[in-house]
Amino acid sequence: MADSNSAQQAVAPINQEPKPIEVIAQSLLRLPQLVKIHQPNNKLFQENLFVFREALNTLWEETPEIVLRAHRGRMFINNQKYTPTGSMVVTIQKLLEYFEKRLFFGLRLIKKEALTDEDIVAFIRTLNQCQNHKNPAEWLDKALADSWVKLIIDSDFKITYIFSGDGQGESKGRPLIWNSGSRTLALKARKSYSRAMAAVTDLQDNLKEGGNVSLAKPRRVVQDMVESLFQEERLLLNLSTLRDYDDYTCTHSVNVAILSMCLGKRLGLSKVAVVALGLSGLFHDLGKVDVPIELIRKTTRFTPEEYEEVKNHSLYSVSRILQINADHKLKSKLIQAPFEHHLGIDLTGYPASNDHMPLSLFGRIVAIADHYDALTSSRSYRPIPMNPEQALDIMMGISGSILDPLLLKVFINMVGIYPIGTLLVLDTKEIAIVAETPPEAIDARPLAYLLDRDDNTIIKGEQINLSDADAYGNFFRNILRCFHPSDFGINASDILL
Ligand SMILES: [Fe+2]
Ligand SMILES: [Fe+2]
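Position numbers for residues count from 1 along each chain, tracking the sequence in the order it is written. Key to labels: chains lettered from A, ligands numbered from 1, both in the order written. Local features in a predicted model are, by the rule used here, given only for residues with pLDDT of at least 70; side-chain atom pairs are given and counted only at 80 or more, and totals for whole chains, interfaces and linings are based on all residues.

1. Quick notes on the pairing of strand E7 (residues 431–436)
Move 1: In terms of burial, E7 is largely enclosed, as five of its six residues are buried.
Move 2: When strand E6 (residues 423–426) meets E7, the two strands line up antiparallel, connected through three bridges. Within E7, the residue paired with Val425 across the bridge is Ile431.
Move 3: Note on pairing: DSSP must find at least two bridges between two strands before they are called paired. Where helices and strands are cited, they refer to DSSP runs of H or I of at least four residues and of E of at least two residues respectively, numbered from the N terminus. Between the antiparallel neighbours E6 and E7 lie four residues, among them Lys429 with a positive phi of about 70°. Residues with at least 20 other C-beta atoms within 10 Å of their own are called buried, those with 12 or fewer are called exposed, and the rest are partly exposed. The C-beta atoms themselves are positioned from the backbone.

2. Looking at helix H17 (residues 388–397)
An α-helix turns once every 3.6 residues. As a result, residues three or four positions apart point the same way.
Move 1: Within the span of H17, buried status applies to Pro388, Ala391, Leu392 and Met395. When H17 is viewed along its axis, its buried side chains cluster within an angular range of 95° and face the same direction.
Move 2: The contact criterion used is a C-beta to C-beta distance within 7 Å, with each C-beta placed from the backbone. Its buried side turned inward, H17 meets helix H16 (361–375) and helix H18 (405–415). By construction, the arc corresponds to the directions joining the helix axis to the C-beta atoms.

3. Section: the confidence of the model for the protein chain
Move 1: One number per residue, pLDDT, summarises how confident the predictor is, and it ranges from 0 to 100. Per-residue confidence for the protein chain averages 82 on the pLDDT scale, and 85% of its residues sit at or above 70.
Move 2: Low pLDDT, under 50, characterises residues 1–15; the stretch is placed with 37 contacts to residues that sit more than four places away or in other chains.
Move 3: In this model, residues 158–181 is a region of pLDDT below 50 whose contacts with residues beyond four sequence positions or in other chains number 56 contacts.

4. Quick word on the sheet that holds strand E1 (residues 65–71)
Move 1: Spatial strand order, E3-E2-E1-E4-E5: five strands in an open sheet with antiparallel pairing. Looking at strand neighbours, the two that pair on one side only are strand E3 (80–82) and strand E5 (149–152), the edges of this open sheet. Strand-to-strand twist of the sheet, defined as the mean angle between neighbouring strand axes without regard to direction, takes the value 25°.
Move 2: The pairing of strand E4 (residues 106–110) with E5 spans four bridges and is antiparallel. In the strand pairing of E5, Arg108 is matched with Lys150. Throughout, an axis means a line fitted to C-alpha atoms (over the contacting stretch in the case of helices), and angles, computed between N-to-C directions, take values from 0 to 180 degrees.

5. Considering helix H1 (residues 20–37)
Move 1: By this rule the span expected of a helix is its residue count minus one, scaled by 1.5 Å. The end-to-end C-alpha distance of H1, which contains 18 residues, comes to 25 Å, matching closely the 26 Å that a straight helix rising 1.5 Å per residue would cover.
Move 2: Across the chain, bend at a residue is computed as the angle between axes fitted to the seven residues ending at that point and the seven starting from it. A maximum bend of about 35° is found in H1 at Ser27.
Move 3: Among all positions of H1, only Pro20, Glu22, Val23, Ile24, Ala25, Gln26, Ser27, Leu28, Leu31 and Val35 are buried.
Move 4: At its buried positions, H1 is contacted by helix H2 (43–60), E1, helix H3 (88–101) and helix H4 (117–129).

6. Observations concerning the nonpolar core
Move 1: We define a nonpolar core as a collection of buried residues of the types Ala, Val, Leu, Ile, Met, Phe, Trp, Tyr and Cys that are connected via C-beta atoms lying within 7 Å of each other. If you look at the biggest cluster of nonpolar residues, it comprises 121 residues, and the most contacted ones within it are Ile433 and Ala448.
Move 2: What Ala448 contacts, discounting residues up to four positions off in sequence, is Leu424, Ala432, Ile433, Val434, Ala435, Ile464 and Leu466.

If you want it as structure tokens, here you go:
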């Protein structure tokens, strides 16, 4: 089954020394709290000031200015999109919210020779004071006029699509992806996505620490996603297929939740049912926190004993869900899909079961979403992910035995043969990237951008419609082959978003 080796996920190593930029992001959240409760001579406070200063000095050796900028719900560090992993997902999310609440877009930390504790404390205190003002950003901008920190208050920011080279090229053209919905809806969908990432990370951390785990946060983010989904399905679906984050464990859970919810909505489930379905998708692999980390990181084949242990994750997921603080009735709904997602409709999978009832609807849906996301993601044992066509081909091969054939048909219709971000090689010798497939497209022929090169930067070129044909119905362009963008070392979201 697609997920049989899925314990071999890319998980951030535990106790790894944080990078300077991670220390800076964490300090920007921690120091404003510490300064409120401690005197500057407090040991803990001084230690935190020290690590912040060290991190700044390290980065200032490379660049005279460290720029942290929020843009469309993502963090950009010195003009490049920052992709957080592990606990940094939560830190960055909180920092983005911190900026947003205070109505600014970021900070420029300008190199200061012999930066002192006093310089840092003065900045942090000013930062704290801005909350008392009606327009915190306006006040803060003036208050920091002579500081080594400058505020970014303009939203005008052009993403540099870096493929290789010096990254000086700027984006050209408009982001077509967002045409299918309003900018506000798009931002909302993106926010929901990163909040879901943060909720999963939080939940996993709390479970590992044996803390009190509540359903409130994951439920809120899933409800948010369902709202976006019922307003504009493609936005969320696109985020899931663009695979914009590096952390496999989290993206996989969030993507499986989104793909399941989209399929649930297509099947006509109510909003309440789609929320429950989303939660069970989000939690389907929760039990992997109980599988030994060496197995999770293993890149070679499992021994039979190891594989038996990995297979236990379905049951572990069930017992972890039962530990969550939530209504029993809801929990009994949420455990179905995690228990069944590797069982197969012919019940030949795992956990081995002699007298299992036919798979539940949630189990069938989550199994399809799980297969698709696992096959189209890069994994430690398969760095090159399959393109959607190959993945759907494999899934068709197990239709009727492992996957529900009817639901699979609806799913294929939903994701399309050429999901957003797919690279297309055309018979005109051009290469294009799929931007969207409108419902009225002929034979699922998508809208796409030709890829162009501007110096060393790959950029969006002309927008094309592969359904365009001459008066005799001959298409101007035909698709010869399709590839996953990573086959070409391209991150689709860098080009399209
Ligand atoms: Fe699984
Ligand atoms: Fe999975």
